[in-house]
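Below, each chain spelled out in residue letters.
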Amino acid sequence: MNLKLSILFTLLGSAILWAQTDSLYVEIDTTVQWETQPNKLINSAAMAAFWTKLQKNSLQKNGKISIVHVGDSHIQADLFSGYFRRKLQEQFGNAGRGFVFPHSLAKTNGIDKVRFSSQSVWESQRNIYPDTGAPVGLSGFALFTRSIDCAIEVQIRKTEAAFHTLKIITPQNQRMFDVALQAQSVTVETEVQQPQVHKIKNGESLSVIADKYNVSVKALKAANGLKNNNIRAGKSLQIPVNQTVKKATQRWEYNRIAPVLKEGYHEFTSDTLQHRIFLLPHAEAASYALNGLVLENKNSGLIYHTIGVNGAKFSDYNKYALFFEQIKVLQPDLIVVSLGTNESFDKLISTEYITQLNVFLERVRKEVPQTAFLITTPPPSLFKRKFPNTFVADYTQEILKQAEVQNYAVWDMFSQLGGLFGMKEAVKQGWIGADRVHYTKAGYEKQGQLLTDAFLEAFQLFNSENGK
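Let me sum up the structure you'll find in this document. Not measured: the values here are computed from a predicted model. (Residues numbered from 1 in each chain as written. Predicted model: local features only at pLDDT ≥ 70, side-chain atom pairs only at ≥ 80, totals over all residues. Heavy atoms only, no water.)

### Here we look at the layout of surface pockets
- Reported here for the second largest pocket is a volume of approximately 380 Å³.
- Along its surface, the second largest pocket is lined by 19 residues, and Asp-78, Gly-82, Arg-85, Arg-86 and Lys-113 are the ones closest to its centre.
- Elements with a minimum of two residues in the lining of the second largest pocket: helix H4 (80–92), strand E5 (94–96) and helix H14 (441–465).
- The residue inventory of the lining of the second largest pocket, partitioned by class, reads 4 nonpolar, 5 polar and 10 charged. (1 Å grid on protein atoms, 1.4 Å probe; cavity = no way out; pocket = protein on both sides within 12 Å on 5 of 7 lines; lining within 4 Å. Points joined across faces, edges and corners; volume = space filled by probe spheres on them. Helix = DSSP H or I, 4+ residues; strand = E, 2+ residues; numbered from the N terminus. Nonpolar A, V, L, I, M, F, W, Y, C, P; charged D, E, K, R; others polar.)

### Details of the sheet that holds strand E9 (residues 141–145)
- Strand order in the open sheet formed by 3 strands is E8-E9-E20, and the pairing between neighbours is antiparallel. Because the sheet does not close on itself, it has two edges, and the strands there are strand E8 (123–126) and strand E20 (288–289).
- The sheet contact formed by E8 and E9 spans 4 bridges and is antiparallel. The residue of E9 that forms the bridge with Arg-126 is Phe-141. (Pairing = 2+ DSSP bridges.)

### Looking at the packing of aromatic side chains
- In total, this model carries 22 aromatic pairs according to the counting rule given.
- Following the ring pairs from residue to residue traces out a cluster consisting of Phe-50, Trp-51, Phe-84, Phe-92, Tyr-304, Phe-455 and Phe-459.
- Its end group placed over the ring of Phe-383, Lys-347 keeps NZ or CZ at 4.8 Å from the ring centre. (Phe/Tyr/Trp six-rings, centres within 6.5 Å; stacked < 30°, edge-to-face > 60°. Lys NZ or Arg CZ within 6 Å of the ring centre and 35° of its normal.)

### Some thoughts on the environment of Asn-299
- Assignment of secondary structure puts Asn-299 in the loop between strand E21 (292–296) and strand E22 (301–308).
- Sequence-wise, Asn-299 and Gly-96 are 203 residues apart; in three dimensions their C-alpha atoms are separated by 7.8 Å.
- Side-chain polar atoms of Asn-299 contact the backbone oxygen of Asn-94, separated by 3.3 Å. (Polar contact = N/O pair within 3.5 Å; in protein donor to acceptor, adjacent residues only side chain to side chain.)

### So, helix H11 (residues 390–406)
- Taking 1.5 Å per residue as the helical rise, H11 with its 17 residues ought to reach 24 Å, and the 24 Å between its terminal C-alpha atoms agrees with that figure.
- Burial within H11 is extensive, with 12 of its 17 residues counted as buried.
- Residues of H11 that are buried: Thr-390, Phe-391, Val-392, Ala-393, Asp-394, Tyr-395, Thr-396, Gln-397, Glu-398, Ile-399, Leu-400 and Ala-403.
- Capping the start of H11 is the job of one residue whose side-chain oxygen sits 3.1 Å from the backbone nitrogen of Phe-391: Asn-389.
- Count one or two residues on from H11 and you reach Asn-407, which has phi positive near 60°. (Expected span 1.5 Å × (residues − 1). Buried < 20%, exposed > 50% of the residue type's maximum accessible area, 1.4 Å probe, protein only.)

Below, the structure is given as structure tokens:
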């Protein structure tokens, strides 16, 4: 980093800024200008095992590399991460779309390459809410129902997401679903009661109406919930006749396939690429919950999984043990972590932020000890659309200080997007949204481009230093 100067910003007077942002006295790199800092991964040596595997796979092209990207709303939208995925798979091969979740059934935004639909209404809960016992797992969501008609149709809308292997992730790896590749519409005829209604005329009594339809007064009163014989002209009565009619109804029939039990998931495999599949409620299950799916193909190359939750913080992921239990299913070689924006708007001090980050790292490493970590610092944002977010500046400094101690690599997105003084340029370029927190599609793709450049440069450096 360049020479740093500890300052307190004085926008409209330092006292006003303090009141508006509850800012702390933070160490800020005041020399940062727009994209003048070297765009590099910091402490990339922490990713040595990952670089070695990526190098080997690039040469031999006979294996799979797994990257998991965890974050908040910046990642749930999959624009920043989606750009990075696309570029890496162009370079190293597309081994599958990776982890997906039916966000639409949880009534929130999700990816557009895979579409989910269901006739049932599903309940859901995000990890940002207090733990109520709902099965919040790897997706950061709980999605659950007791409906026995909870079939889910999964449609692949982009060819690059088609799959040979489907992994189904459920709480405690319970068998809650079967699968089917086709659904057939069947017409079924049933006998249904033919409704008959009588409109009461002046002078009519219940006994007269009962005689007319050859039913008893008692049955007539029961069918209409009458407690006495009083009726009024102009009203209608349901007539309890035993006449039925045939009614044709449509239903779907499936050729069920039992997925194979694996460690941490149930698996379906196919010799041909699949673009559509159905998840069907398993007959012996009492309830149904889905934590996510993994889509893989037979190619060697890179699988890039994304897990993002709107509003999420490190502490939200940390409070659900099922998230860490299920992350083993993805067998990550590298985990990219992009969290901090929501902590900053909660005015969380940097020491608490770093504590939660370290808890996250420790719990993941307990489950997948060989994985490498790449932390991206939070992007610049504004409080109330006008006051610089000094909290993310402070988080950035602390992330960089901890990199070697905690053995992770860092990509300093905060500085690459101009730091505290970059918002004017971001607005000019059309990269930041109106809320001055979320970025536009162009802005997220700019982030993806910068990260891609830094990542590939670090890999090339590793290759040159290791004789490749």
